[in-house]
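# Architecture at a glance
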Amino acid sequence: MKIRTNFSLQAFNSFNLPVVTAEIFFPSTIKELAEISIEKASSSYILGDGTNTLFCQDKAPIIIKPNLMGIEVIENDDNFQVKVACAQNWHEFVLFCINSGIYGLENLALIPGSVGAAPVQNIGAYGIEVSDFIVGVTWFDFAQKKQVDFTNAECQFGYRDSIFKQALNGTGIITHVHFLLPKAWQAVDNYQGLNELVSPVTPQAIMAKVIQLRQAKLPEPKQLPNAGSFFKNPIVSKDVFNELNQQYSNMPFYLHDNGDVKLAAGWLIEQAGLKGFRRDGVGVHENQALVIINYESKQGENIVALSVHIQKKVKEKFNIQLVPEVRFIGEDGELSPTSAGGK
Ligand SMILES: Cc1cc2nc3c(=O)[nH]c(=O)nc-3n(C[C@H](O)[C@H](O)[C@H](O)COP(=O)(O)OP(=O)(O)OC[C@H]3O[C@@H](n4cnc5c(N)ncnc54)[C@H](O)[C@@H]3O)c2cc1C
């Protein structure tokens, strides 16, 4: 197995921070994964493509960067069952599906990152979540040194959430994700922007539109280092929403079936006067207030400090606590966003 020491992770995190890890493992097989000692594995951070990771300090913990590759397709009369190894790039996998006549994931095109990370925060965009198409996840358990299968229900998927982010965090690795994509394809084209598509709507047309919309809206991390939406969209009760809506009648919102209401974190940040706000080499993007850009800082703590400032301003104005979507990683492992502090 490839192992490196004193290794710079600058090319492996989309905030482009020059953090260093004492040791990084690149296992390509289950056997290689099993070779990593339980002591090292359980104190390590699992790194995919680093597009949802904020290294908050100059040093990172031990890193395991799985390198398992491969896509297997089994077809029956009604469905495609697709087993994908964790290190496959997500967007390339979506392209592979569409080019192979396997439809359903087109709304999730161009989301950066690896397939293995997709179930962790249950990636979502343009009206769908990846959990809509996952039938199972294969997990390598560090303590047992063996693989275990989880059904969709056992993954406990929620909005940007799953068991892998909660109870199982730090105890193993997703090695494979299993998708079930029905041959009877149904377009999900009611999302703003996609509803302009001319009938008959095809998966290819949805994918092209999603790519076009994303490229127009979101800054490309290679030019402006960022991790996409920095905060989750807050979900509030109907009562809280009604109160806010009386004061801010133009506030965007999305009604949930259970009566709760999802608000747009980007709008709240913008209304708090922070769109385009910059300090210490980091800032809120000028067009998309939900995105924090690392313009020229070499220190993750500047991004942490900005995120704390944003939370404070939004809390003062709306009495709403924004919760980061991005994972905060310190030298000794994951930090809770409230304790990360920043300077
Ligand atoms: C420009 C931009 C746009 C984005 N748009 C969206 C969007 O529309 N919707 C959305 O949901 N997200 C979006 N994101 C966030 C990001 O793309 C996703 O969270 C993605 O799944 C992260 O993948 P990654 O491999 O880079 O994860 P990393 O940042 O490497 O890791 C993220 C988390 O997953 C864990 N992890 C990674 N691989 C594994 C594994 N094999 N097993 C167990 N745990 C693992 C890590 O430990 C960490 O906790 C965007 C990011 C950017 C930069």
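The shown structure was predicted, so the numbers you read here are calculated from the model rather than taken from an experiment. For every chain, the first residue of the written sequence is number 1, and numbering continues from 1 onward in sequence order. Local features in a predicted model are, by the rule used here, given only for residues with pLDDT of at least 70; side-chain atom pairs are given and counted only at 80 or more, and totals for whole chains, interfaces and linings are based on all residues. Values shown for side chains rest on all heavy atoms present in the structure; no hydrogens or waters enter the calculation.

### Structural notes on the overall build of the protein chain
- Counting from the N terminus, the helices are the DSSP runs of H or I reaching at least four residues and the strands are the DSSP runs of E reaching at least two. Counting secondary structure elements, the protein chain contains eight helices and 21 strands.
- Once the C-alpha set of the protein chain is aligned to its principal axes, its extents read approximately 60 × 55 × 35 Å.
- Here the protein chain holds 343 residues, and 48% of them are scored as buried.
- Of the contacts formed within the protein chain by residues at least 6 apart in sequence, a portion of 61% connects residues at least 24 apart.
- Carbon and sulfur atoms make up 48% of the accessible area of the protein chain, which totals about 16,100 Å².
- When charges are counted, Lys and Arg contribute as positive and Asp and Glu as negative, whereas His and the chain ends are disregarded. The location of each charge is read from NZ of Lys, CZ of Arg, CG of Asp or CD of Glu. Each charge class in the protein chain can be summarised by its mean position, and for the 29 positive and 35 negative side chains these summaries are 6 Å apart. The cut-offs for exposure are 20% and 50% of the maximum accessible area for each residue type, with area from a 1.4 Å probe on protein chains only; residues under the lower value are buried, those over the upper are exposed, and the others partly exposed. Contacts are assigned to residue pairs with any non-hydrogen atoms lying within 4.5 Å of each other. For every accessible area listed, the method is Shrake-Rupley and the probe measures 1.4 Å; residues are considered covered only by the protein chains on display.

### Observations regarding the site of the ligand
- Around the ligand sit 32 residues in total, of which Ile46, Gly48, Thr51, Pro112 and Ser114 are the nearest.
- In the analysis that follows, any N or O atom pair within 3.5 Å is treated as a polar contact, provided that within protein one partner can donate a hydrogen and the other can accept it, and provided that, for residues neighboring in sequence, both atoms belong to side chains. Between the ligand and Gln121 there is a distance of 2.8 Å, counted from an oxygen atom to a side-chain nitrogen or oxygen.
- Those elements that provide at least two residues to the shell around the ligand are strand 3 (44-46), strand 9 (124-125) and strand 13 (172-182).
- Reported domain spans reflect what an automatic or database domain assignment gives. For the shell around the ligand, the two domains that each supply at least three residues are domain 1 (2-64) and domain 2 (71-217). In this text, near means that some heavy atom of the residue lies within 4 Å of the molecule or strand in question.

### With respect to the UniProt feature "active site" (unreviewed entry) in the protein chain
- The UniProt entry lists Arg160, Ser229 and Glu325 under the feature "active site" (unreviewed entry), expressed in the numbering used here. Taken together, the annotated residues stretch across 166 residues yet fold into one region, lying no more than 11.2 Å apart by C-alpha.
- Its location among the elements puts Arg160 in the loop between strand 12 (146-151) and strand 13.
- The class of Arg160 is buried, set by a relative accessible area of 12%.
- Beyond its immediate chain neighbours, meaning those up to four positions away, Arg160 contacts Gln121, Asn122, Ile123, Gly124, Glu129, Lys165, Lys232 and Glu325.
- Side-chain polar atoms of Arg160 contact the backbone oxygen of Asn122, separated by 3.5 Å.
- Along the chain, Ser229 falls in the loop between helix 4 (203-217) and strand 14 (235-236).
- When residues no more than four places from it in sequence are discounted, the contact partners of Ser229 are Leu290, Val291, Glu325 and Val326. UniProt positions are given in the numbering used here, feature names are shortened, and annotations may be inferred rather than shown by experiment.

### A look at the sheet that holds strand 4 (residues 53-55)
- Pairing between strands is defined by DSSP: at least two bridges between them are needed. Taken in spatial order, the three strands of this open sheet run 4-20-21, and their pairing is mixed. One side of each edge strand has no neighbouring strand; the edge strands of this open sheet are strand 4 and strand 21 (333-334).
- The pairing of strand 20 (residues 327-330) with strand 21 spans two bridges and is classified as antiparallel. Looking at the pairing, Gly330 lines up with Gly333 of strand 21.
- Taken strand by strand, helix 7 (residues 300-318) contacts strand 4 and strand 20, and its axis lies near 115° from that of strand 4. Whenever a helix is involved, its axis is fitted only over the stretch in contact; in every case the axis is a line through C-alpha atoms, and angles between N-to-C directions fall within 0 to 180 degrees.

### Quick look at the side chain of Ser114
- Relative to the assigned elements, Ser114 resides in the loop between helix 3 (90-99) and strand 9.
- Residues within four places of Ser114 in sequence aside, it is in contact with Gly48, Asp49, Cys86, Gln88 and Trp90.

### Some details on the UniProt feature "domain: FAD-binding PCMH-type" (unreviewed entry) in the protein chain
- UniProt's entry tags residues 17-184 with the feature "domain: FAD-binding PCMH-type" (unreviewed entry), counted in the numbering of this structure.
- End-to-end, the C-alpha atoms of residues 17-184 are 44 Å apart, and along that stretch the chain is 12% helix and 35% strand.

### Some details on the pairing of strand 11 (residues 134-141)
- Within strand 11, seven of the eight residues are buried, which leaves it mostly tucked inside the rest of the structure.
- Sheet analysis places strand 11 next to strand 13, joined by seven bridges and oriented antiparallel. Looking at the pairing, Ile134 lines up with Phe179 of strand 13.
- Of the strand pairs in this sheet, strand 11 and strand 12 are connected by six bridges, and their pairing is antiparallel. Across the sheet, residue Trp139 finds its bridge partner in strand 12, namely Val148.

### A few points about the packing of aromatic side chains
- Put simply, two rings from Phe, Tyr or Trp (the six-membered ring, in Trp's case) pair if the centres are within 6.5 Å, and we call them stacked under 30 degrees between planes, edge-to-face over 60, tilted for the rest. Considering all chains together, one arrives at 19 aromatic pairs under this definition.
- Judged by centre distance (5.6 Å) and plane angle (65°), the rings of Trp90 and Phe93 are edge-to-face. One end of the pair is Trp90 and the other is Phe93, both in helix 3 and three residues apart, which spans about a single turn.
- Residue classification places Trp90 among the buried residues on the basis of a relative accessible area of 0%.
- On the numbers, 5.7 Å between centres and 80° between planes, the contact of Phe150 with Phe164 is edge-to-face. In this pair, Phe150 sits in strand 12 while Phe164 sits in the loop between strand 12 and strand 13, placing the two residues 14 residues apart along the sequence.
- We classify Phe164 as buried; its relative accessible area is 4%.
- By way of ring pairs, the aromatic residues Phe15, Phe230, Phe231 and Phe328 are connected into one cluster.
- Definition used: whenever NZ (Lys) or CZ (Arg) falls within 6 Å of the ring centre and also within 35 degrees of the ring normal, the charge is taken to sit over that ring. One residue, Lys65, lies across the ring of Phe12, its end atom 5.3 Å from the ring centre.

### As for the sheet that holds strand 19 (residues 292-294)
- With antiparallel pairing, the three strands of this open sheet are ordered in space as 17-18-19. The strands lining the two open edges of the sheet, one partner per strand, are strand 17 (278-279) and strand 19.
- As defined by bridge partners, strand 17 adjoins strand 18 (residues 282-284) across two bridges and the pair is classed as antiparallel. Bridging across to strand 18, Arg278 finds its partner in Gly283.
- Contacts between helix 7 and the sheet are confined to strand 17, strand 18 and strand 19, with strand 18 contributing the most and set at about 30° to the helix.

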